[in-house]
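Overview (structure and organization)
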Amino acid sequence: MSTVPPAGPDYDVIVVGAGYSGLYLLHQLRSRGRSVRVLEAADGVGGTWYWNRYPGARCDIESVEYAFSFSEELDKEWRWNERYSAQPDILAYLNTVADKFDLRRDIQVNTTVSSAGYDEAAHRWRLVTQDGERLSAQFCVMATGCLSKPKTPDIAGLDSFAGPTYYTSSWPHEGVDFTGQRVGVIGTGSSGVQAIPLIAEQAAHLHVFQRTANYIVPAHNHQLTDEDQTQEELAARRSNALDCPLGVAFEAGELNQLPAMELTAEQREAEFERLWRRGGLIMMLAFPDLLLEGEANEAAAAFLRKKIKEKVPDPAVAEILIPKGFPVGSKRLCVDTNYYETFNRDNVTLVDLTATPIDRVTPAGVRTSPVETELDALVMATGFDAMTGALAAIDIRGRGGVALSQAWAEGPRTYLGLSVAGFPNLFTVTGPGSPSVLSNMRLSIEQHVRWISDCIEYLAEHRIASIEATAAAQESWVAHAAEVAAPTVYPRGASWYTGANVPGKARVFMPYIGGVPAYREACEKEADEGYRGFALTPA
Ligand code: FAD
Ligand code: NAP
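Turning next to the site of ligand 1. In the vicinity of ligand 1 there are 31 residues, among which Ser21, Glu40, Thr48, Asp60 and Tyr66 approach most closely. At 2.7 Å, a side-chain N or O of Glu40 approaches an oxygen atom of ligand 1. Here a nitrogen atom of ligand 1 and a backbone polar atom of Val113 are 2.9 Å apart. Relative to its unbound accessible surface of 980 Å², ligand 1 loses 93% to contact with the protein. Counting only elements with at least two residues in the shell around ligand 1, the list comes to helix 1 (20-31), helix 2 (48-51) and helix 14 (441-461). With three residues, helix 2 is the single largest residue contributor to the shell around ligand 1. Per-class residue counts for the shell around ligand 1 are 16 nonpolar, 13 polar and two charged.

Mapped onto the secondary structure, Lys151 falls in the loop between strand 6 (134-142) and strand 7 (165-167). It is Asp154 that comes nearest to the buried, bridge-free Lys151 among opposite-charge side chains, at 4.5 Å. In terms of polar contacts, Lys151 uses its side chain to reach the backbone carbonyl oxygen of Asn501, at 2.9 Å. Apart from residues lying up to four places away in sequence, Lys151 is in contact with Arg211, Thr382, Gly383, Phe384, Asp385, Asn501 and Val502.

Split by domain assignment, the protein resolves into domain 1 (10-150 + 386-532), domain 2 (152-215 + 332-383) and domain 3 (219-328). Inter-centroid distance (C-alpha atoms) of domain 1 to domain 2 is 31 Å. With 16 residues of domain 1 at the interface, the matching set in domain 2 holds 15 residues. Carbon and sulfur atoms make up 54% of the surface buried where domain 1 meets domain 2, a total of about 1,500 Å² over both sides. Remark: the boundary between domain 1 and domain 2 carries one salt bridge. Of the charged contacts in the structure, one is a salt bridge between Asp60 and Arg332, with a shortest N-O distance of 2.8 Å. Counting across the domain 1 and domain 2 interface gives five residue pairs in polar contact (both at pLDDT 80 or more). Partitioning the side of domain 1 that touches domain 2 into residue classes produces ten nonpolar, two polar and four charged.

Calculation notes
- Residues numbered from 1 in each chain as written.
- Chains lettered and ligands numbered in written order.
- Predicted model: local features only at pLDDT ≥ 70, side-chain atom pairs only at ≥ 80, totals over all residues.
- Heavy atoms only, no water.
- Near = heavy atom within 4 Å.
- Polar contact = N/O pair within 3.5 Å; in protein donor to acceptor, adjacent residues only side chain to side chain.
- Areas by Shrake-Rupley, 256 points an atom, 1.4 Å probe, with all protein chains shown as cover.
- Helix = DSSP H or I, 4+ residues; strand = E, 2+ residues; numbered from the N terminus.
- Nonpolar A, V, L, I, M, F, W, Y, C, P; charged D, E, K, R; others polar.
- Buried < 20%, exposed > 50% of the residue type's maximum accessible area, 1.4 Å probe, protein only.
- Lys, Arg positive; Asp, Glu negative; His and termini not counted.
- Salt bridge = Lys/Arg side-chain N within 4 Å of Asp/Glu carboxyl O.
- Contact = heavy atoms within 4.5 Å.
- Domains from an automatic or database assignment.
- Buried area = accessible area lost by both parts, 1.4 Å probe.

Shown next, in the form of structure tokens:
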């Protein structure tokens with residue numbers, strides 16, 4: 001019996017975060033008889049879709065594939081209006097999920113977890129919130145999100161700006177009216193690419209401060225009908241998605257299987273054009289060798305450069321918008337609606353920060369050498385401390401009081417992106433080392449939630465007090481993940497995938513690129529063989 005008194009209320013499982021992951025975890029674990037408490041920093045559920053309310057925010061995985069797949073009843077009750085739904089619709093959907101499955105009674109909002117320490121003698125996690133509340137549980141699941149910790153931009157004078165500064169990652173709930181204003185947007189990743197066209201329509205003048213031009217494909221968003229989301233259609237898509245490396249649906253024969261250079265230049269062009277017209281991230285799968293460095297990738301880059309020149313008649317502006325110095329896909333591909341066309345407007349100025357870097361933000365605006373652009377409002381679309389940021393913000397201590405930040409000083413190391421050696425009974429959803437952000441996140445979240453729930457049920461049935469990834473299994477998985485990533489373009493880009501966007505962060509390619517099917521197989525094997533990559537301690 002433990003000599004450590006239980007600190008605060010005690011649960012089977014504490015889940016941190018109430019986005020897609022936290023909501024589904026609660027539903028799964030509770031329906032298997034576990035006592036669960038979900039702790040969420042925001043004052044509502046939805047995670048990403050609670051926080052990112054900027055104009056233009058929408059998914060870039062098709063709505064019907066981004067919807068949960070676990071309830072036919074939910075499928076029948078919910079209708080998506082658009083191919084790529086806007087943030088208010090996705091947030092409304094997640095709120096509907098919370099209500100339909102009666103989740104709110106076990107979710108504690110306005111609660112930020114500041115520390116989590118493992119009590120080895122009692123086999124329990126002790127959590128402390130920012131308000132000093134203490135809770136404990138046998139298992140702690142971090143559903144804290146991969147893109148939930150906004151990055152603090154390293155721009156001098158940011159606090160000195162006299163007007164309002166808005167972050168896309170924590171946009172005001174009441175919205176912002178830019179009518180008649182001179183607005184500056186810093187950042188041209190996916191968030192900036194979505195927000196810029198809509199802000200330009202409202203502002204008197206918009207200045208876009210671009211450091212890196214990204215590769216962008218069109219969304220070709222459109223309204224959906226009931227026929228687009230019948231149960232048969234949903235079932236077919238879900239089944240197809242399971243076989244796709246990115247976890248998105250495509251029909252048999254829809255994708256070309258030949259390496260790019262085995263086709264003629266005309267055939268390659270026709271294939272790119274076909275996928276461009278289809279719209280969305282499927283462009284990444286145009287050729288099986290597209291994501292390897294070399295001619296196929298360069299062919300894709302040439303095609304995308306040509307499209308920019310077609311859309312932007314001013315050659316000087318088009319040249320600035322052309323991505324340079326990194327392969328297609330090594331930084332996350334953006335999906336747009338009217339992005340390039342926005343730079344043809346008279347009220348939009350593109351500032352090339354590679355030619356004139358930001359010197360500092362001043363009370364009046366942004367000073368790039370040698371001019372000062374006067375602004376009424378500033379929008380920061382500057383991204384996230386991805387994959388590890390939300391975990392690093394919590395003081396997580398495992399066996400022997402070792403801090404996770406210490407264990408990950410040279411980059412995150414996990415077994416299957418689910419578990420960390422030295423941190424028993426702790427699980428991460430879509431953690432580093434899993435397909436995560438390289439996949440349809442809904443699909444990967446569901447797979448992780450089921451794996452974790454099955455595992456916790458197995459441990460209860462077998463009266464196991466603790467489970468912990470072995471150092472050997474972890475090292476072998478980390479080596480395998482690095483090996484499959486090595487020939488691809490992914491480790492090359494100065495992207496958030498590699499931590500390069502956060503000064504001082506270890507440079508490691510964090511997600512698992514081996515693909516959704518191979519990854520799922522590895523997880524299933526682990527469970528089927530009785531968790532051989534883990535040390536299990538009997539109760
Ligand atoms: P999140 O939704 O990030 O939720 C994590 C929650 O944990 C947050 O609510 C946060 O407040 C809470 N939290 C974190 N730390 C603490 C703490 N210490 N204490 C208490 N609570 C805490 N993916 C796709 O597959 N398709 C898309 O189209 C897509 N579009 C995206 C658009 C945007 C603008 C962004 C930023 C991301 C997008 N993503 C997309 C990725 C998206 O994050 C995932 O699809 C999914 O929403 C993640 O769900 P989650 O529950 O794992 O994490
Ligand atoms: P991001 O891709 O990291 O983009 C951040 C942008 O800010 C980059 O253009 C970056 O330039 C710029 N930036 C950062 N610091 C800067 C500085 N100090 N000075 C000048 N520029 C600076 O972040 P994001 O756009 O928020 O997207 C993050 C991820 O969230 C996406 O990749 C995607 O996975 C997801 N997302 C998806 C959607 C969607 O379409 N559904 C929408 C939004 C987000 P550099 O590149 O030069 O660093």
